Amino acid sequence: GEDVEQSLFLSVREGDSSVINCTYTDSSSTYLYWYKQEPGAGLQLLTYIFSNMDMKQDQRLTVLLNKKDKHLSLRIADTQTGDSAIYFCAEIRSGNTPLVFGKGTRLSVIA
Amino acid sequence: EAGVVQSPRYKIIEKKQPVAFWCNPISGHNTLYWYLQNLGQGPELLIRYENEEAVDDSQLPKDRFSAERLKGVDSTLKIQPAELGDSAVYLCASSRGQGGQETQYFGPGTRLLVL
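Just so it is clear, the model here is predicted, and its values are computed rather than measured.

*Asks:* It is not clear to me how the overall build of chain B should be interpreted in this structure. Could you clarify?
*Replies:* Scanning chain B for helices and strands turns up zero helices and eleven strands. Scaling as 2.2 N^0.38, a compact globule of 115 residues should have a C-alpha radius of gyration of about 13 Å, and chain B matches this with 13 Å. With respect to the principal axes defined by its C-alpha atoms, chain B has extents near 40 × 25 × 25 Å. For chain B, long-range pairs separated by at least 24 residues make up 55% of all intrachain contacts whose partners lie at least 6 apart in sequence. Each charge class in chain B can be summarised by its mean position, and for the 12 positive and 14 negative side chains these summaries are 6 Å apart.

*Asks:* Any chance you could explain the sheet that holds strand β8 (residues 75-79) of chain B here in plain terms?
*Replies:* Whenever strands of a sheet pair, they do so through backbone hydrogen bonds, lying parallel or antiparallel. Residues and elements named next belong to chain B. Taken in spatial order, the four strands make up an open sheet running β1-β3-β8-β7, and their pairing is antiparallel. Since the sheet does not close on itself, it has two edges, and those belong to β1 (5-7) and β7 (65-68), each with one partner. Mean inter-strand twist for the sheet, computed between neighbouring axes without regard to direction, equals 15 degrees. Bridging between β7 and β8 involves four bridges; their strand directions are antiparallel. Residue pairing across strands places Ala67 opposite Leu77, the latter belonging to β8.

*Asks:* Just to check I follow, could you spell out the packing of aromatic side chains for this structure?
*Replies:* Two descriptors summarise a pair of aromatic rings, namely the distance from one centre to the other and the angle between the planes of the rings. As enumerated under the stated definition, the model contains 14 aromatic pairs over all chains in all. Residues Tyr31 of chain A and Phe50 of chain A carry aromatic rings whose centres are separated by 4.8 Å and whose planes lie at 50 degrees to one another, so their mutual orientation is tilted. Of this pair, Tyr31 of chain A sits in strand β4 (residues 31-37) while Phe50 of chain A sits in strand β5 (residues 43-50), and the two are 19 residues apart along the sequence. Centroid distance Tyr35 of chain B to Phe106 of chain B: 5.3 Å. Interplanar angle 45 degrees. Geometry classified as tilted. Taken as a pair, Tyr35 of chain B in strand β4 (residues 31-37) and Phe106 of chain B in strand β10 (residues 105-106) lie far apart in primary sequence, 71 residues in all. For Tyr35 of chain B, a relative accessible area of 0% gives the class buried. Residue Phe106 of chain B is classed as buried on the basis of its relative accessible area, which comes to 10%. Following the ring pairs from residue to residue traces out a cluster consisting of Tyr31, Tyr33, Tyr35, Tyr48, Phe50, Phe88 and Phe101 of chain A together with Tyr33, Tyr35 and Phe106 of chain B. Just above the ring of Tyr48 of chain A sits the side chain of Lys56 of chain A; from NZ or CZ to the centre is 4.2 Å.

*Asks:* Sorry if this is basic, but what is going on with the interface of chain B and chain A here?
*Replies:* The parts lose accessible area when they come together, and the size of an interface is often stated as this lost area. Counting residues at the interface gives 22 residues for chain B and 22 residues for chain A. Summed over both partners, the interface of chain B with chain A buries about 1,600 Å², with 47% contributed by carbon and sulfur atoms. Connecting chain B to chain A are zero salt bridges. Taken together, the connections running from chain B to chain A amount to seven residue pairs in polar contact (both at pLDDT 80 or more). Every element with two or more residues in the side of chain B that touches chain A is listed here: β4, β5 (44-50) and β10 of chain B.

*Asks:* For this particular structure, what's the right way to read a nonpolar patch on the surface?
*Replies:* Residues Ile12, Leu113 and Leu115 of chain B make up a contiguous nonpolar surface patch of about 300 Å² in total accessible area. Checked against the element boundaries, Leu113 of chain B lands in strand β11 (residues 110-114).

*Asks:* Explain the state of the cysteines to me, please; I cannot follow it from the model alone.
*Replies:* Working definition: the covalent bond between the sulfur atoms of two cysteines is a disulfide. Residue and element names in this part refer to chain B. Here the structure, examined in full by the defined rule, presents two disulfides over all chains. Across a sulfur-sulfur distance of 1.9 Å, Cys23 and Cys92 are joined as a disulfide pair. The disulfide joining Cys23 to Cys92 has a torsion of about -70 degrees about its S-S bond and is therefore left-handed. With a gap of 69 residues between them, Cys23 in strand β3 (residues 19-24) and Cys92 in strand β9 (residues 88-95) connect regions that are remote in the sequence. Looking at Cys23, the relative accessible area reads 0%, which means it is buried. Cys92 sits in the buried class, given a relative accessible area of 0%.

*Asks:* Before we go on, may I ask you to explain the environment of His29 of chain B in this structure?
*Replies:* All names here are of chain B. Take His29: it is sitting in the loop between β3 and β4. For His29 and Leu70, which are 41 residues apart along the polypeptide, the C-alpha to C-alpha distance reads 15 Å. Leave out the neighbours within four places in its chain, and His29 touches Arg69, Ser94, Ser95, Arg96 and Tyr105.

Calculation rules
Residues numbered from 1 in each chain as written. Chains lettered and ligands numbered in written order. Predicted model: local features only at pLDDT ≥ 70, side-chain atom pairs only at ≥ 80, totals over all residues. Heavy atoms only, no water. Helix = DSSP H or I, 4+ residues; strand = E, 2+ residues; numbered from the N terminus. Rg over C-alpha atoms; globule rule 2.2 N^0.38 Å. Contact = heavy atoms within 4.5 Å. Lys, Arg positive; Asp, Glu negative; His and termini not counted. Charge placed at Lys NZ, Arg CZ, Asp CG, Glu CD. Pairing = 2+ DSSP bridges. Axes fitted to C-alpha atoms, helices over the stretch in contact; angles between N-to-C directions. Phe/Tyr/Trp six-rings, centres within 6.5 Å; stacked < 30°, edge-to-face > 60°. Buried < 20%, exposed > 50% of the residue type's maximum accessible area, 1.4 Å probe, protein only. Lys NZ or Arg CZ within 6 Å of the ring centre and 35° of its normal. Buried area = accessible area lost by both parts, 1.4 Å probe. Salt bridge = Lys/Arg side-chain N within 4 Å of Asp/Glu carboxyl O. Polar contact = N/O pair within 3.5 Å; in protein donor to acceptor, adjacent residues only side chain to side chain. Patch = residues over 30% accessible without salt bridge, like charges linked within 9 Å, V, L, I, M, F, W, Y side chains within 5 Å. Areas by Shrake-Rupley, 256 points an atom, 1.4 Å probe, with all protein chains shown as cover. Disulfide = S-S within 2.5 Å.

Laid out in structure tokens, this is it:
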């Protein structure tokens, strides 16, 4: 398909791990991003991964990339209430194309 | 380092009125982007500037939307006249390099409500 696909909602308990999944569209995409948007705010860059990598870890965040399936995931360890937000997956496709976003996954953390 | 600055943060206008949004990118960032974010959706690109040149405006509704980045730094996005369907968040982003392949940093957005 042409769209970046994400599940719309995820609910986890505080202290558990969260895994947010994304399916992107272009096997030649160079960079894949995760942005976080809190209510009433702009998009905050969380992390990104270059297409020649399989995994990237940054403190509580782990990004996994499966190029064969065009699947990207974001794992948040020890999820906190402050992690409640909408998480957007985005890809930069090959060529001179803009950043393409999914519709976002709303993460709710239950105390 | 200051982030991307946008103003106003909120704007309420009546339909058919004009409205303008302003963006100041991160210092040293050559590329500036305007995005539209409808409720429940991800951002969609309206226009991309490299320095003062609009290099991708294919998604900008040119009958009512216009943008400028005269000195290659800050930028203004205008809607005239506004319609009810223009109610959305208008996000500005910037990146250091050119070609649209660089990491983009976003401002807080302007929330527009057209009544």
